[in-house]
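# Secondary and tertiary structure notes
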Amino acid sequence: RYEPTWGSLDARPLPAWFDEAKFGVFIHWGVFSVPSFGSEWFWWYWQKENREPYVKFMNTNYPPGFSYEDFGPLFTAEFFDADQWADILKASGAKYVVLTSKHHEGFTLWGSKYSWNWNAVDVGPKRDLVAELATSVRNRTDLHFGLYHSLFEWFNPLFLEDATNAFKTRKFPTSKSLPELYEIVTKYQPEIIWSDGDGNAPDTYWNSTGFLAWLYNDSPVRDTVVTNDRWGVGSFCTHGGFYTCRDRYNPRHLLPHKWENCMTIDRSSWGYRRDARLRDFLAIEDLVEQLAETVSCGGNLLMNIGPTHDGRIAVVFEERLKQVGAWLKVNGEAIYGTKPWRAQNDTVTPGVWYTFSPKEGKVNAIFLNWPVSGVLELGEPRAKLGETQVKLAGYEELLKWVVLGEKGMVIALPQLTPQQLPCQWGWTLQLTDVN
């Protein structure tokens, strides 16, 4: 049994499925999806920081005295079809999904007993959105279902009172935050608890170790659940299951601990925003590059989309997810279930990232640019004449190659028309019998 201490909790082995999965989809959805302007931090930027664009947006578009709470009934989700979402998630090639059950605004997407009249069952959709998505994901896909939960809430009076008392009192975690965490685990049995938002309070204020000890010892998901590292000030990149370290974390080198790069397709926001331009969205080439870099360095990629207030996944997000899925159909062997190789990227040719498939004993070289010469030079693999074989994923015939000095090789790529290429936006060479 795990003790409620970081020493004991951090010694828990990470369930194997998480490292094998490599790729998940993050969904930021909540009342912030109603104004859908600027950022999911809309309430904070408008009311706390009085940022000019947000104040102007409200003054121009809403009557005087309109409060953030007034957005609640406008969060309607009338087009939300959990089956359709599940089908898009499946088509993306992702192996897990993480939904924001509650962001820093405190609005819960389930009918929480601890969030009276500020939840999706009492206000707005009048539906349990967490339950609907959990059911569809489990019925229609093999994805692992996870939930994001914000520990703190910007404007909750109990939290503000505790903060004023320098967190010597603990009214908010004992009456709101912790009961919600126990509630979502018991009710929805998520296999990921993605914690966030410590409000500058230490983990002792949140009783994070007490909750995690229960989660790992006695909860219905004790054997399969994974957690991140956001459990109080100072726990980032230090404690918990996998490390996130910071948003959009991509070290581009191997780390000794399992980590995740959580990032957004929209460069500027996690929530949906109507003021986004096409240039604000990462192209599929960028996403494939992020995936290859992240996995080669031992990480998972958690790619975020923000649905609309009425429950639609905008077509630009749907397209990106389906493009990643199409790429993974061809190159998935170089991603799923792989381990980092001795070299992460190539020393001679930029834009080449390596992974290792332990079952097949294959080294995968994911190259992001097809060379004009039709010849790819790799500085890292040590090839053996008569033994090493080179294949292009999605192409039948073996490729010709020659050794280059002590280590390294030059590979002749097949001459293919654009229509004959196995995929776009990055390709995989599978090398067998290289040292």
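Residues numbered from 1 in each chain as written. Predicted model: local features only at pLDDT ≥ 70, side-chain atom pairs only at ≥ 80, totals over all residues. Heavy atoms only, no water.

Turning our attention to the pairing of strand β4 (residues 192–196). Note on strand geometry: in a regular strand, side chains alternate between the two faces of the sheet. Counting buried residues in β4 gives 5 out of 5 residues, a clear majority hidden from the surface. Of the two faces of β4, the one holding Ile-192, Trp-194 and Asp-196 and the one holding Ile-193 and Ser-195 are both buried throughout. Here strand β3 (residues 144–150) runs beside β4; their pairing, made up of 5 bridges, is parallel. Along β4, the bridge assignment pairs Ser-150 with Asp-196. The pairing of β4 with strand β5 (residues 226–227) spans 2 bridges and is parallel. Bridge pairing links Ile-192 to Val-226 in β5. (Buried < 20%, exposed > 50% of the residue type's maximum accessible area, 1.4 Å probe, protein only. Helix = DSSP H or I, 4+ residues; strand = E, 2+ residues; numbered from the N terminus. Pairing = 2+ DSSP bridges.)

Before going further, it helps to examine helix α12 (residues 315–331). Between its first and last C-alpha atoms α12 spans 24 Å; for 17 residues at 1.5 Å apiece the expected length is 24 Å, and the two agree. If you check which residues of α12 are buried, you get Val-316, Phe-317, Arg-320, Leu-321, Gln-323, Val-324, Gly-325, Trp-327, Leu-328 and Asn-331. Of the surrounding secondary structure, the elements contacted by the buried residues of α12 are β1 (23–27), α5 (82–91), α11 (284–296), β7 (299–305), β9 (362–367) and β14 (427–432). (Expected span 1.5 Å × (residues − 1). Contact = heavy atoms within 4.5 Å.)

Next up on the list: the sheet that holds β1. Ordered by their spatial adjacency, 7 strands build an open sheet running β5-β4-β3-β2-β1-β7-β6, and the pairing between neighbours is parallel. Each of the sheet's edge strands pairs with one partner strand only, and the pair in question is β5 and β6 (259–264). Sitting on the sheet, helix α6 (residues 129–140) touches β1, β2 (96–102) and β3, and the angle it makes with β3 is about 155 degrees. Packing against the sheet, α11 makes contact with β1, β6 and β7, and its axis sits at approximately 150 degrees to β7. (Axes fitted to C-alpha atoms, helices over the stretch in contact; angles between N-to-C directions.)

With that settled, the discussion passes to the sheet that holds strand β12 (residues 401–403). As summarised here, the arrangement of the 3 strands in space is β10-β13-β12, forming an open sheet in which the pairing is antiparallel. Each of the sheet's edge strands pairs with one partner strand only, and the pair in question is β10 (375–378) and β12. On average, each strand axis in the sheet is inclined to that of its neighbour by 15 degrees, with strand direction left out of account. Judged from the 4 bridges that link them, β10 and strand β13 (residues 409–412) form a sheet pairing that is antiparallel. Along β13, the bridge assignment pairs Leu-376 with Ile-411.

Moving on, we come to the pairing of β3. The buried fraction of β3 amounts to 7 of the 7 residues, a majority that puts the element mostly inside the structure. Taking every second residue as pointing to the same face, both faces of β3 are buried, with His-144, Gly-146, Tyr-148 and Ser-150 on one and Phe-145, Leu-147 and His-149 on the other. Here β2 runs beside β3; their pairing, made up of 6 bridges, is parallel. Paired with Val-98 across the strands is Gly-146, a residue of β3.

If you trace the backbone, Lys-126 turns up in the loop between β2 and α6. On the accessibility criterion, Lys-126 (55% relative accessible area) is exposed. Apart from residues lying up to four places away in sequence, Lys-126 is in contact with Ala-120 and Val-121.

This part takes up the UniProt feature "site: May be important for catalysis" (unreviewed entry) in the chain. Within this numbering scheme, the UniProt entry marks Cys-262 as carrying the feature "site: May be important for catalysis" (unreviewed entry). Taking relative accessible area as the criterion, Cys-262 reaches 0% and is therefore assigned buried. When neighbours within four sequence positions are excluded, Cys-262 is seen to be in contact with Phe-26, Trp-194, Arg-230, Asp-247, Arg-248, Tyr-249, Trp-270 and Leu-302. (UniProt positions renumbered as here; feature names shortened; annotations may be inferred.)

The next thing to look at is the nonpolar core. Nonpolar side chains in soluble globular proteins tend to be buried together. Core analysis: the largest hydrophobic core is formed by 124 residues, its most contacted members being Ile-27, Leu-378 and Leu-429. The residue makeup of this core includes at least three contributed by each of domain 1 (6–332) and domain 2 (339–432). With residues near it in sequence (within four places) discarded, Leu-378 still touches Asp-346, Val-352, Tyr-354, Ala-365, Gly-408, Met-409, Ile-411, Leu-429 and Leu-431. (Core = buried A, V, L, I, M, F, W, Y, C linked by side-chain atoms within 4.5 Å. Domains from an automatic or database assignment.)

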